[in-house]
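Take a look at the letters that make up each chain.
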Amino acid sequence: MKTIAIIAQKGGTGKTTTAHALGAGLERRGKKTLLIDLDAQGNLSYIARADAGQTGAFEVLTQQATATQAIQRRRGQPDVIAAGPSLAGADLVITQAGKEYRLRDALQPLERAYDVCIIDSPPALGILTINALTASTTAIVTAQADIFSLQAIGALAATVDAIRRHTNPALAIGGILLTRYNPRTILSRDITDMMKDAAATLQTRIYKARIRECTALKEAQAMKRDIFAYAKRSNAAADYDAFIDELRQGARI
């Protein structure tokens, strides 16, 4: 099972949108996929129609339930382990030795059940993000072509370095995915060029596929549908299709 963490050190970069579209796109390509929502806001759980009131990620991380018990199964869509409001206090609760490995260990029994596991991590460094990166084979960084995302990527390099040194030396950064992209602005093009240097600090690249700003994405989320089911001919669907194909080639999914 390939485990992919979607990460960002700031909000508003399309992290949850990417996790949802990636899961739906891989499922449509015949890959059995599991979504895990580790963000206390629960946005991925909401748009994936998961029940936040059921046993979920918090119970798995605190060893009150197994990952198998927390899975919400959905026909024709990725299965989900949902977030709940209790995740907001995870740093205060999950303090015992080996806390960084809780998710990795919980997922081991699912190795043969899924082709891909996608983790939506919170936009901050804490025990949830550390668990996501420790459990993952690959991380994808979402970013906008703006100066704040550029700064956040610089901070992310230190986080990734710490994970590689202490808990997951095999972690690979698959690439940086630019979202809400507007190729017509000079600023977007200039910052994209600057991001190539930032990508080098993470020993990675910027994906050729870029996700353009698209109203259909927000509409699909409001309807709790994936972008391919809601607007398969939209720019966003085409862009995410291109990204998924690019990712599959590099990660051998």
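Here we summarise the structure given alongside this text. (Residues numbered from 1 in each chain as written. Predicted model: local features only at pLDDT ≥ 70, side-chain atom pairs only at ≥ 80, totals over all residues. Heavy atoms only, no water.)

## Focus on the overall build of the protein
Under the convention used in this document: A run of H or I in DSSP counts as a helix once it spans at least four residues, and a run of E counts as a strand once it spans at least two, with each numbered from the N terminus. Here the globule rule is a power law, 2.2 Å times the number of residues to the power 0.38, and the radius of gyration is based on C-alpha atoms. Between buried and exposed lies partly exposed: a residue is buried under 20% and exposed over 50% of the maximum accessible area for its type, with that area taken using a 1.4 Å probe on protein chains only. Contact between two residues is taken to exist if any of their heavy atoms lie within 4.5 Å; hydrogens are not considered.
Helices and strands together make up the secondary structure of the protein, namely 12 helices and six strands. Since a compact globule built from 253 residues should have a radius of gyration of about 18 Å, the 17 Å found for the protein is in line with a globular shape. If one aligns the C-alpha atoms of the protein with their principal axes, the spans along those axes are about 50 × 40 × 30 Å. Relative to its full complement of 253 residues, the protein shows a buried share of 55%. In the protein, the share of contacts with a sequence separation of at least 24, taken over all contacts with a separation of at least 6, comes to 78%.

## Thoughts on the packing of aromatic side chains
Rules: Ring pairs are drawn from Phe, Tyr and Trp, using the six-membered ring of Trp, whenever the two centres fall within 6.5 Å, and their geometry is named by plane angle: stacked under 30 degrees, edge-to-face over 60, tilted for the rest. Both a distance and an angle decide whether a charge sits over a ring: NZ of Lys or CZ of Arg must be within 6 Å of the ring centre and within 35 degrees of the ring normal.
Counted by the stated rule, this structure contains one aromatic pair. Pairing tyrosine 207 with phenylalanine 243 gives two aromatic rings, centres 5.0 Å apart and planes at 85°, and the pair type is edge-to-face. In this pair, tyrosine 207 sits in the loop between α9 (186-201) and α10 (215-222) while phenylalanine 243 sits in helix α12 (residues 235-251), placing the two residues 36 residues apart along the sequence. Using a relative accessible area of 0% as the deciding quantity, one classes phenylalanine 243 as buried. Positioned over the ring face of tyrosine 181 is arginine 210, at 5.5 Å from the centre of the ring.

## Notes on the environment of isoleucine 81
Within the fold, isoleucine 81 resides in strand β3 (residues 79-81). By relative accessible area, which is 3% here, isoleucine 81 ends up buried. Beyond its immediate chain neighbours, meaning those up to four positions away, isoleucine 81 contacts Leu34, Leu35, Ile36, Asp37, Gly56, Ala57, Ala67, Ala70 and Ile71.

## Considerations on the pairing of strand β6 (residues 172-179)
Defined as follows: The rule for pairing is simple: two strands pair if DSSP sees at least two bridges between them. Viewed with both strands pointing away, a crossover whose connecting path from the first strand over the helix to the second turns clockwise is right-handed.
Burial analysis of β6 places seven of its eight residues in the buried class, the great majority of the element. Looking at chain direction, strand β5 (residues 138-144) and β6 are connected through seven bridges and run parallel. The partner of threonine 142 across the bridge, within β6, is leucine 177. Assessed by its sense of winding, the connection that carries the chain from β5 through helix α8 (residues 147-166) to β6 is right-handed.

## A short note on a nonpolar patch on the surface
This is how the line gets drawn: Residues with no salt bridge and a relative accessible area higher than 30% make up the patches, which join like charges within 9 Å and nonpolar side chains (Val, Leu, Ile, Met, Phe, Trp, Tyr) within 5 Å. Throughout, the Shrake-Rupley method with a 1.4 Å probe supplies accessible areas, and for residues the shown protein chains are the sole cover considered. For this analysis, a salt bridge means a side-chain nitrogen from Lys or Arg found within 4 Å of a carboxyl oxygen belonging to Asp or Glu.
Nonpolar side chains collect at one region of the surface, where Ile147, Phe148 and Met194 lie side by side and expose about 300 Å² of accessible area between them. Tracing the backbone shows methionine 194 in helix α9. With a relative accessible area of 40%, methionine 194 lands in the partly exposed category.

## Re the nonpolar core
The following threshold applies: Among the buried residues, those of types Ala, Val, Leu, Ile, Met, Phe, Trp, Tyr and Cys that are joined through side-chain atoms within 4.5 Å form a nonpolar core.
Membership of the largest hydrophobic core comes to 51 residues, with the highest contact counts inside it found for Leu34, Ile36, Leu107 and Ile176. For this core, the element with the highest residue contribution is α8, accounting for six residues. Residues in contact with isoleucine 176, not counting those within four places in the same chain, are Val141, Ala143, Ile153, Ala199, Leu202, Thr204, Arg205, Ile206 and Tyr207. Counting residues in hydrophobic clusters, the runner-up holds 36 residues, among them Cys214, Ala231, Phe243 and Ile253.

## Re the pattern of salt bridges
By the definition in use, this model includes 12 salt bridges. Between aspartate 79 and arginine 73 there is a salt bridge, with the nearest N and O atoms lying 3.5 Å from each other. Looking at aspartate 79, the relative accessible area reads 2%, which means it is buried. Arginine 180 is the salt-bridge partner of glutamate 213, the closest N and O atoms lying 3.3 Å from each other. Note that glutamate 213 is positioned in the loop between α9 and α10 and arginine 180 in the loop between β6 and α9, a separation of 33 residues in sequence. Put simply, Lys15, Asp39 and Asp120 are held in one network by salt bridges that share partners.

## A short note on the pairing of strand β2 (residues 33-37)
Counting buried positions along β2 yields five of five residues, so the element is predominantly enclosed. Alternating residues of β2 divide into Thr33, Leu35 and Asp37 and Leu34 and Ile36, and every residue in both groups is buried. Two strands pair when backbone bridges link them, and β2 and strand β4 (residues 116-120) are joined in this way by five bridges, in the parallel orientation. Counterpart to isoleucine 36 in the pairing with β4 is isoleucine 119. Of the pairings in the sheet, the one linking β2 to β3 comprises three bridges and is parallel in character.

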